[in-house]
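For reference, the chains in residue letters:
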Amino acid sequence: MDVARLAGVSQKTVSRVFNNEAYVSAEVRGRVLAAAAELGYRRNNAARALASGRTRSIGVVTLGTALYGPASLLMGVERAVRDTGYALRVVNTVEGDPTGIAGAVDSLLDQGVDGIVISEPIDESGNGDGAGSGVSVHVDVPVLVCGAPPPFAAPKVLAAGVGADQLARTVTEHLLGLGHLTVHHLAGPQRWYAARDRLAGWRAALAAQDRREPPLIEGDWSAASGYAAGRELACDPDVTAVFAANDDMAIGLIRALTEAGRRVPDDVSVVGFDDTPVAAYVTPPLTTVRQPFDAVAQDGIKRLVHAIENPRADPLAASEPPVDLIVRASTAPPPAGRDPSAHH
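Residues numbered from 1 in each chain as written. Predicted model: local features only at pLDDT ≥ 70, side-chain atom pairs only at ≥ 80, totals over all residues. Heavy atoms only, no water.

(A) Seen up close, the pattern of salt bridges. Evaluated as defined, the whole model comprises 13 salt bridges. One salt bridge connects Arg-31 with Glu-27, and the closest N-O pair in it is separated by 2.7 Å. One end of the pair is Arg-31 and the other is Glu-27, both in helix 3 (residues 26–39) and 4 residues apart, which spans about a single turn. One salt bridge connects Asp-324 with Arg-290, and the closest N-O pair in it is separated by 3.1 Å. (Salt bridge = Lys/Arg side-chain N within 4 Å of Asp/Glu carboxyl O. Helix = DSSP H or I, 4+ residues; strand = E, 2+ residues; numbered from the N terminus.)

(B) Structural detail: the sheet that holds strand 9 (residues 269–271). Overall, parallel pairing links the 4 strands, which are arranged 7-6-8-9 in an open sheet. The sheet is open, and its two edges are formed by strand 7 (217–218) and strand 9, each paired on a single side. Each of strand 6 (184–187) and strand 8 (241–244) touches helix 8 (residues 193–208); the most contacted strand, strand 6, lies at about 175° to it. Contacts between helix 10 (residues 247–259) and the sheet are confined to strand 6, strand 8 and strand 9, with strand 9 contributing the most and set at about 160° to the helix. (Pairing = 2+ DSSP bridges. Contact = heavy atoms within 4.5 Å. Axes fitted to C-alpha atoms, helices over the stretch in contact; angles between N-to-C directions.)

(C) Spotlight on the sheet that holds strand 5 (residues 157–160). The strand order across the open sheet built from 5 strands is 2-1-3-4-5, with neighbouring strands paired in parallel fashion. The sheet is open, and its two borders are formed by strand 2 (87–93) and strand 5, each paired with just one other strand. In this sheet, adjacent strand axes meet at a mean angle of 20° when their direction is disregarded. Strand direction decides the pairing type here: strand 1 (residues 57–63) and strand 3 (residues 115–119), joined by 5 bridges, are parallel. Residue pairing in the sheet places Thr-62 in a bridge with Ser-119 of strand 3. The sheet contacts of helix 6 (residues 100–110) involve strand 1, strand 2 and strand 3, and relative to strand 2 the element is tilted by about 155°. Sitting on the sheet, helix 11 (residues 293–309) touches strand 1, strand 3, strand 4 (143–146) and strand 5, and the angle it makes with strand 5 is about 170°.

(D) Main features of the nonpolar core. Ranked by size, the top nonpolar core spans 25 residues in total, and within it Leu-257, Val-270 and Leu-286 carry the most contacts. Those elements that place two or more of their residues in this core are helix 9 (223–233), strand 8 and helix 10. By residue number, the principal contributor to this core is helix 10, which donates 5 residues. Every residue in contact with Val-270, bar those within four places of it in the chain, is listed here: Val-242, Ala-250, Leu-253, Ile-254, Leu-257, Val-264, Leu-286, Thr-287, Ser-330 and Thr-331. If you look at the next biggest cluster of nonpolar residues, it comprises 21 residues, including Leu-73, Val-77, Ile-301 and Ala-307. (Core = buried A, V, L, I, M, F, W, Y, C linked by side-chain atoms within 4.5 Å. Buried < 20%, exposed > 50% of the residue type's maximum accessible area, 1.4 Å probe, protein only.)

(E) Spatial organisation of the packing of helix 9 against helix 10. Interaxial distance between helix 9 and helix 10 falls to 6 Å at its minimum, and their mutual angle equals 40°. With respect to helix 10, the axis of helix 9 lies oblique. In this structure, helix 9 meets helix 10 at a crossing whose hand is right-handed. Within the contact between the two elements, helix 9 uses Ala-223, Ser-225, Gly-226, Tyr-227, Ala-229, Gly-230, Arg-231 and Leu-233 and helix 10 uses Asp-248, Met-249, Gly-252, Leu-253, Arg-255, Ala-256, Leu-257 and Glu-259. Partitioning the contact of helix 9 with helix 10 into residue classes produces 8 nonpolar, 4 polar and 4 charged. (Parallel < 35°, antiparallel > 145°, perpendicular 65-115°, else oblique. Left-handed = near helix turned anticlockwise from the far one by under 90°. Nonpolar A, V, L, I, M, F, W, Y, C, P; charged D, E, K, R; others polar.)

(F) Geometry of the packing of aromatic side chains. Taken as a whole and assessed by the stated rule, the structure comprises 3 aromatic pairs. Seen in terms of ring centroids, Phe-243 and Phe-273 are 6.3 Å apart; in terms of plane orientation they differ by 35°. Their pairing is tilted. Of this pair, Phe-243 sits in strand 8 while Phe-273 sits in the loop between strand 9 and strand 10 (288–290), and the two are 30 residues apart along the sequence. The pair formed by Phe-243 and Phe-273 is uniform in burial state, with each residue classed as buried. (Phe/Tyr/Trp six-rings, centres within 6.5 Å; stacked < 30°, edge-to-face > 60°.)

What follows is the structure, encoded as structure tokens:
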């Protein structure tokens, strides 16, 4: 192998060094470790290569959160990996730690994983430009990135879960199609890539139909932030339609509008995003868009495993995620008597 050749020793000696066996001089051990560092090898990576060549394991870096979107995607990834016969190793990061991804990736590589899934939904770079966190780590296995820009270079970087902007555009177009003059947007926190995608889709739908873009309201994904936004929007009689960036915020929004005497959907239509299990059972049942978490995970893991097992082959093309708009009772045409030309 390369380490043995560069260090001028046998493969057996390299194996002894990486397995911390005795009968290896300090000078030889130093040469082997220096050669491994120069070639970018890690201890377990080298041990893996000396054995079967692969550990048949996939590592996942994910934000430690119970929020519906990231948790559902992780569950989908777990099911998809299990179906392939690979083992799964999960490392959670903590929101607000810009070094979290690098540490998690390092940990997984030291465990000798054959591929890595990055399900890290937040831009921790602090620059807000979507360029990722600038992770400085040597990655020598294929990487699947879910719904975010790739945070580092790797031999093969695959993307999955893109298309949230199209889903957001679809729900905005649904409201405009009902006759609403414009659509207000209760956005998610803009450090989240998903929130940026939904904002972009909303803006694109309004621009395509030359509609006025109302001032943005930013929440934090919680029903409480939706409730606060609803109290603010209820004071504006021109608000007839609101797109909330997730179902929890939409539910809080509806509660505040109802308390203020603004009927949903008679006075104000509300749409959410995700189709959480409770969305069909609130009053009124919530119109929303369903995220294809399982389909995205299955397609992404299939492509990642193909890249692992066929390192010289071209990557498989990604499947187009479906758009599944769930129309329920929280949306309707705007109140009669509104003159669209008055505000256009």
